[in-house]
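Spelled out from the first residue to the last, the chains are:
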Amino acid sequence: MATVAASPGHAYGLDEARVRLREVFGFDDFRGSQSQVIARVLAGESTLAVMPTGAGKSLTYQLPATMLSGTCVVVSPLIALMHDQLRAARANGIAAATLTSADSDWRETIEAFRSGALDLLYVAPERASQPGFRDLLSSARLALFAIDEAHCVSEWGHDFRPDYRQLRPLMDAFPHVPRLALTATADAHTRADVLAQLGIPDDGLIVAGFDRPNIRYAIRHRDNAVRQIADLMRSQPGPGIVYAQTRAKVEQIADKLGAATGREVRPYHAGLDPAMRAGNQAAFVESEDMVIVATIAFGMGIDKPDVRFVAHAGVPKSIEAYYQETGRAGRDGDPAQAVMLWGAEDFARGRQRLAEVPEERRASERTRLDALAGLVETAGCRRAVLLRHFGEDPPASCGNCDNCIEAPGVTDATELAQKLLSAAYRTGQSFGFGHLQKVLTGSSDERVVQRGHDRLSVFGIVGADDARLLQPLARALQARGALVATEHGGLQLGGDAKAILTGGQKVEIGVPPARERSRGRRGGNADNPVGDPLFEALRDLRREIAREAGVPPYVVFHDATLREMASARPATLSALGALPGVGAKKLETYGPRFLALLAG
Ligand code: ADP
Ligand code: ZN
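The rules behind these values
Residues numbered from 1 in each chain as written. Chains lettered and ligands numbered in written order. Predicted model: local features only at pLDDT ≥ 70, side-chain atom pairs only at ≥ 80, totals over all residues. Heavy atoms only, no water. Helix = DSSP H or I, 4+ residues; strand = E, 2+ residues; numbered from the N terminus. Rg over C-alpha atoms; globule rule 2.2 N^0.38 Å. Buried < 20%, exposed > 50% of the residue type's maximum accessible area, 1.4 Å probe, protein only. Contact = heavy atoms within 4.5 Å. Areas by Shrake-Rupley, 256 points an atom, 1.4 Å probe, with all protein chains shown as cover. Lys, Arg positive; Asp, Glu negative; His and termini not counted. Charge placed at Lys NZ, Arg CZ, Asp CG, Glu CD. Donors = N, O, S within 2.8 Å, 3.2 Å for Na, K, Ca; no water. Tetrahedral: all angles 85-135°; square planar, octahedral: opposite > 155°, others 65-115°. Core = buried A, V, L, I, M, F, W, Y, C linked by side-chain atoms within 4.5 Å.

On to the overall build of the chain. When helices and strands are counted, the chain shows 27 helices and 17 strands. Against the compact-globule benchmark of 25 Å for 600 residues, the chain has a radius of gyration of 27 Å, which places it among compact chains. A principal-axis box enclosing the C-alpha atoms of the chain has dimensions of 90 × 60 × 45 Å. For the chain, with 600 residues in total, the buried portion stands at 54%. By sequence separation, contacts in the chain at least 24 residues apart represent 72% of the contacts at least 6 residues apart. Working note: accessible area of the chain is about 25600 Å², and carbon and sulfur atoms make up 50% of it. Within the chain, the 72 negative side-chain charges are centred at a point lying 3 Å from the centre of the 70 positive side-chain charges.

This paragraph deals with the coordination of the zinc ion (ligand 2). Those donors, Cys381 (SG), Cys398 (SG), Cys401 (SG) and Cys404 (SG), are the protein atoms that reach the zinc ion (ligand 2), and they lie 2.3 to 2.4 Å from it. Taken together, the four donor atoms coordinating the zinc ion (ligand 2) and their angles of 99 to 119° define a geometry best described as tetrahedral. Taken in sequence order, the residues that donate to the zinc ion (ligand 2) follow the motif C-x16-C-x2-C-x2-C. With Cys381 in the loop between helix H15 (359-377) and helix H16 (382-389) and Cys401 in the loop between H16 and helix H17 (402-405), this residue pair connects regions lying 20 residues apart in the sequence.

Below, the discussion takes up the nonpolar core. Membership of the largest hydrophobic core comes to 96 residues, with the highest contact counts inside it found for Leu198 and Phe594. The dominant element in this core, judged by the number of residues it contributes, is helix H23 (residues 533-549), at six residues. Grouped together as the second largest cluster of nonpolar side chains are 36 residues, Phe30, Ala89, Leu120 and Ala143 included.

Structure below.
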């Protein structure tokens, strides 16, 4: 796309940007903080934008890149990400190129860059430290430096990349070129560090809200992970990611889910043959309904916007990790689901590991586990817990999480908790839940009698009504650390057990609705008129075009655009061009074929 040369002294404003947004991307307005960020970029100010996944970070430099004269140099940590972005940018008619070890068209790219023909030039951070690169940059006109995944510059972040440290000296050589750093994950500490490391003034920080309203959160106790996830898959068409903790579990769950649902399910973990792993990832990116079962290694390099669900077969590492992993669902803004399955053993393992953690890190590790336990155990709004964790002040109820949709009953289980903790204490803190349950309910089991536990004051003090609460209560106490499983499976008192026993601390537990009624409930993208012959025909055409062009279907059009097409049935190019997601370039390239289909 030819860059509109700015007349000297002319600065673009948001109105022009909005026109451009419609023209290039086919979108009617900016989302969230995009306009704020873009206004700064157009004004030549440096910015660090912290925006959640799916907020539309790439547009905040891609759009200005098509307006400003000169090239926007984008630093991105992963080649796969760059190539994703490249395809999407080119489909919108933006002149973009990558300069990576995986490219063979270097000469053309450099020529195009020097001649000013490129809007976007994507490079890996290693480039920045190479001697010739500064000279190359000096030989062209630069509009902007965009630094993607900017938390990689900070050692506080979780993905520190030493090469990112070379960016500052490189950019300092071009003091008049504004900088735009982007990240989805940065706590206050990391943010300050990123600002300093990249030479962005403190007032250039823009932090968008963390909420992802189109993601529906649900957290359930794990009875049988395969059955529960298979149920989810039956009610939820479209691509999905299942996270499992170990390679063995990944393989096992992938096999069983495939067999149970008949859908295409593939594994992804670091132990797979590299060609197979890459193949599975590529197939997932292209697919419209595949499910990938993966260790957390998966997802970092993936920008797939149409992921309809993310399921966790076990408790993630932290709330931050949970948020990042679930954030891979529904980037396209369509409804998506995040379902976590948890078991007391997930927490037991975590609490056991605390003992091995160096003293100075133990407190923060414990806080991390407690925060997860709070999320899992809450009978209130999940989203509110998440957003409060990130320092926001959300409404008490979101209407789009399991607890808001179907409130669990909340029971004061303080007295029962005291009984359970006493039983653990009086039996010597070396028996597992099963044994304690027998003692409390007065079962004259052989082992109970042999140990003389039938003579304890806690024997048989729990009646039938309360007995059914013992299991969820034990889980809750383990999650919060008041009961800690030892290596040998015994339950010990820990955390606030003492406060509970002395009445200083109340215990409330959520009682799950009688039966899981999720089955058959509206799936995450039931808005898609699946089964509508016109919608299906549009999808078929999209698939055909994508195959011809060698891009994933979502690069051609998102589902939302096809939905609009199916309901508005435009008959002319201009009517088609007015639909969301149809920019000038896509209208020109794909418009006639879609119109022909709509007319037929
Ligand atoms: P991020 O990098 O922040 O996760 P992306 O840049 O991948 O997000 O954008 C996520 C999706 O949102 C993309 O498919 C993009 O086309 C879409 N998008 C971005 N901005 C807008 C907007 N203003 N209106 C509608 N859709 C948008
Ligand atoms: Zn809620």
